[in-house]
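Read off the chains here:
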Amino acid sequence: MTSITQNSVPTTTRRPVRDEMIAFGIMTVVLAVVPFTGVYPFFVMQGLCFALLACAFNLLIGYGGLLSFGHAMFLGTAGYVSGHALKVWGLPPELAIVVGTGASFCLAVVTGLIAIRRQGIYFAMITLALSQLLYFIYLQAPFTHGEDGIQGIPQGKLFGFIDLSNATTLYFVVLAGFLLGFLIIYRAINSPFGEVLKAIRENEPRAISLGYKTDQYKLLAFILSGTLAGFAGSLKVFVAQNASLTDVHWTMSGEIVLMTLVGGLGTIFGPVVGAFVIIAMQQYLAGFGQWVTVIQGVIFVACVLTFRRGIVGEIGHLFKRSL
Amino acid sequence: MDINVPALLAQLLVGLINGSFYALLSLGLAVIFGMLNIINFAHGALYMMGAFCAYFLLNLLGLNYWWALILSPIIVGLFGMVMERTLLQWLSGLDHLYGLLLTFGVALIIQGVFQNYFGSSGLPYAIPEQLRGAINLGFMYLPVYRGWVVVFSLVVCLLTWFMIERTRLGAYLRAATENPTLVRAFGINVPRMITLTYGLGVGLAALAGVLSAPINQVRPLMGADLIIVVFAVVVIGGMGSIMGSIITGFALGVIEGLTKYFYPEASNTVVFVLMVLVLLVKPSGLTGRAT
């Protein structure tokens, strides 16, 4: 079986760490300047949450070769739990984030133990089915308010003095959260753990024969990915001030896959670019109604047929850089 | 606990009907997976197209249900073959996951187009005259159309099984799955066989769509949520054998029906819960080969 990212990872790398440092610097500066340029901050904040989500997803598929088609369940679970903690329990924001992310962590442990029992497309179908199971649970559970979702969630004051209802303040808090998650993923990829993960992606039987307990590595990657996806979901609650069923529905999982595919599977910056491209598309094409779905489908097909490296992957390939 | 026999039997019947759809759809998926190594995510969308095809045949051309039963699978099957020739064939040799992603994109396109023209509400499709009414079985009234769906899909499933497992064409098919290069050396046109197989699998999905049109309304998203349940059925059954997917499909429909009677809150989730339990005990699925 050929690896899913065989075509997407540039094989020639030249001083990869320095390239990545420069790219990271550019990304940070651009994102830090954004609130002062007149771009709608809500849009960028939403983009940051989805970018983190896509990065977390990419950790699993791009480096572990595991296609999760149910990542929306982590986004939605953390969103519901954080939203409930803020609104009903009246917890301060920092604790609400911890509780929400913790809920996704627990979910990732349980679903990961079940899902890693099968590989390839079966893994994708199992994660999809598990997320649909959760969708129906959230549809019926009283605390999620079914179709209405949790509305009007208060933003509160982070650590008691950072007022999150101020758009600029909130922006920098979300940006800080995104960068934290991004660096955790970056660190994980460039650690011995990440190297083993890549070895599993390329040739699992060989990794097993070398003595690695590959299931443990895959489970750990799944937990890390699910937890960070949950962290993105918790942050998103402060931006959108609601938590609803759309975040848990399987079409959301499909969108996460699309974001990563467009940006570049197995590239570090690809999911960030892909997330912003897809979010921008939804924002500016909203007037076309259901045609947006059709356009997304066309992009899916085009990416798989002709453009498997994605935007960042193609750029990296062009300049023979690993991004 | 008191058991209300008519209500229980009614739920069992609903379960059997859902089971027929699961069986027809997972059978089609198994046939396609066997030859193309692709999990056809577009299966739900093609099932929906089958139902819409019946609707168009009736309302645009005045062709009734019986014509639809024959023509819909052929029309949608041809559409599938074009899809295989133009899109799917470029994926051979790549990771299975790309097939899943490509067909997911196709499903989005098809559903988006239909939603754009027909919204999300359902279009009615009347039960054909010959199949209206109900039969008194003594212990319950059986609506004729529902009985027809169960019997007809069972027959189609068994015919498909017979064709693949007991005929020469089926033998070629299975041989081509095992070793396409060798079968090609015997002078058999394997790419054409792959195209026809995809058409057959898609035709089965469309047939399920026609059968479901009079029961469930014709809606653009009718296949979208169904397909996830069918995936769970596939994980439970394991897609190891054709018969396995048929039996698993019907059995899970019945279990779902029983749950609806005894504990309705869990009826949406019971298939997924079963999937988890089966995975914990036997990860390769009930009839599956170990991977």
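About the cut-offs
Residues numbered from 1 in each chain as written. Chains lettered and ligands numbered in written order. Predicted model: local features only at pLDDT ≥ 70, side-chain atom pairs only at ≥ 80, totals over all residues. Heavy atoms only, no water. Helix = DSSP H or I, 4+ residues; strand = E, 2+ residues; numbered from the N terminus. Buried < 20%, exposed > 50% of the residue type's maximum accessible area, 1.4 Å probe, protein only. Areas by Shrake-Rupley, 256 points an atom, 1.4 Å probe, with all protein chains shown as cover. Lys, Arg positive; Asp, Glu negative; His and termini not counted. Charge placed at Lys NZ, Arg CZ, Asp CG, Glu CD. Phe/Tyr/Trp six-rings, centres within 6.5 Å; stacked < 30°, edge-to-face > 60°. Lys NZ or Arg CZ within 6 Å of the ring centre and 35° of its normal. Expected span 1.5 Å × (residues − 1). UniProt positions renumbered as here; feature names shortened; annotations may be inferred. Contact = heavy atoms within 4.5 Å. Buried area = accessible area lost by both parts, 1.4 Å probe. Salt bridge = Lys/Arg side-chain N within 4 Å of Asp/Glu carboxyl O. Polar contact = N/O pair within 3.5 Å; in protein donor to acceptor, adjacent residues only side chain to side chain. Nonpolar A, V, L, I, M, F, W, Y, C, P; charged D, E, K, R; others polar. Axes fitted to C-alpha atoms, helices over the stretch in contact; angles between N-to-C directions. Parallel < 35°, antiparallel > 145°, perpendicular 65-115°, else oblique. Left-handed = near helix turned anticlockwise from the far one by under 90°. Patch = residues over 30% accessible without salt bridge, like charges linked within 9 Å, V, L, I, M, F, W, Y side chains within 5 Å.

An unreviewed UniProt entry lists chain B under the name Inner-membrane translocator, from Rhodopseudomonas palustris.

Going by the annotation in an unreviewed UniProt entry, the name recorded for chain A is Inner-membrane translocator, with Rhodopseudomonas palustris given as the source organism.

**Quick look at the overall build of chain A**
If you tally the helices and strands in chain A, you get 13 helices and 2 strands. Considering only C-alpha atoms, chain A reaches an extent of 50 × 45 × 40 Å along its principal axes. With 323 residues in all, chain A has 59% of them scored as buried. When the accessible surface of chain A is split by element, carbon and sulfur atoms take 67% of a total near 12600 Å². Between the centroid of the 18 positive side chains of chain A and the centroid of its 13 negative side chains there is a distance of 10 Å.

**Here we look at the packing of aromatic side chains**
Summed over all chains, the structure comprises 36 aromatic pairs over all chains. Above the plane of the ring of Tyr-122 of chain A lies Arg-118 of chain A, whose end atom (NZ or CZ) is 3.9 Å from the centre. In this structure, Arg-308 of chain A packs its charged tip against the face of Tyr-98 of chain B, placed 5.5 Å from the ring centre.

**Some thoughts on helix α2 (residues 43-61) of chain B**
All names here are of chain B. For α2, spanning 19 residues, the distance from its first C-alpha to its last is 26 Å, which sits close to the expected 27 Å at 1.5 Å a residue. When you tally the buried positions in α2, you get 14 out of 19 residues, the bulk of the element. Positive backbone phi, at 70°, marks Gly-62, one or two positions downstream of α2.

**Some thoughts on the UniProt feature "transmembrane region" (unreviewed entry) in chain A**
Residues and elements named next belong to chain A. Within this structure's numbering, the places UniProt gives as "transmembrane region" (unreviewed entry) are residues 21-43, 50-75, 95-114, 121-138, 169-189, 219-238, 258-279 and 291-311. In the segment residues 50-75, helix accounts for 73% and strand for 0%; the C-alpha atoms at its two ends are 9 Å apart. Counting secondary structure, residues 121-138 comes out at 100% helix and 0% strand; the distance between its end C-alpha atoms is 26 Å.

**Quick look at the interface of chain A and chain B**
If you look at the interface, chain A gives 45 residues, while chain B gives 47 residues. Across the chain A/chain B interface, buried area totals approximately 4300 Å², and carbon plus sulfur atoms make up 76% of it. On inspection of chain A and its partner chain B, the count reaches 0 salt bridges. Between chain A and chain B we count 6 residue pairs in polar contact (both at pLDDT 80 or more) in total. Those elements that provide at least two residues to the side of chain A that touches chain B are α5 (120-140), α10 (250-263) and α12 (291-306) of chain A. It is α5 of chain A that contributes the most residues to the side of chain A that touches chain B, 14 residues altogether. Here the side of chain A that touches chain B is composed, by residue class, of 28 nonpolar, 14 polar and 3 charged.

**With respect to the packing of helix α11 (residues 270-284) of chain A against α12 of chain A**
Residues and elements named next belong to chain A. Packing of α11 against α12 leaves a shortest axis separation of 10 Å and a crossing angle of 155°. In terms of their interaxial angle, α11 and α12 are classed as roughly antiparallel. Here α11 runs over α12; the crossing is right-handed. Of the residues in α12, those in contact with Ile-278, Met-281 and Gln-282 of α11 are Val-292, Ile-295, Gln-296 and Ile-299. A class-by-class count of the residues in the contact of α11 with α12 yields 5 nonpolar, 2 polar and no charged.

**Looking at a nonpolar patch on the surface**
A contiguous nonpolar patch, built from Ile-3, Val-5, Leu-258, Phe-262 and Tyr-263 of chain B and spanning about 450 Å² of accessible area, is present on the exposed surface. Counting through the fold element by element, Phe-262 of chain B comes out in helix α10 (residues 242-262).

**A look at the side chain of Thr-269 of chain B**
You can see Thr-269 of chain B is positioned in the loop between α10 and α11 (270-281). The contact partners of Thr-269 of chain B, leaving out residues within four places of it in the chain, are Leu-133, Phe-136 and Ile-137 of chain A.

**Notes on the UniProt feature "transmembrane region" (unreviewed entry) in chain B**
UniProt feature "transmembrane region" (unreviewed entry): in the numbering of this structure it lies at residues 12-33, 40-58, 64-83, 95-114, 145-164, 194-215, 227-255 and 262-281 of chain B. A helix fraction of 86% and a strand fraction of 0% characterise residues 194-215 of chain B, whose end C-alpha atoms lie 33 Å from each other.

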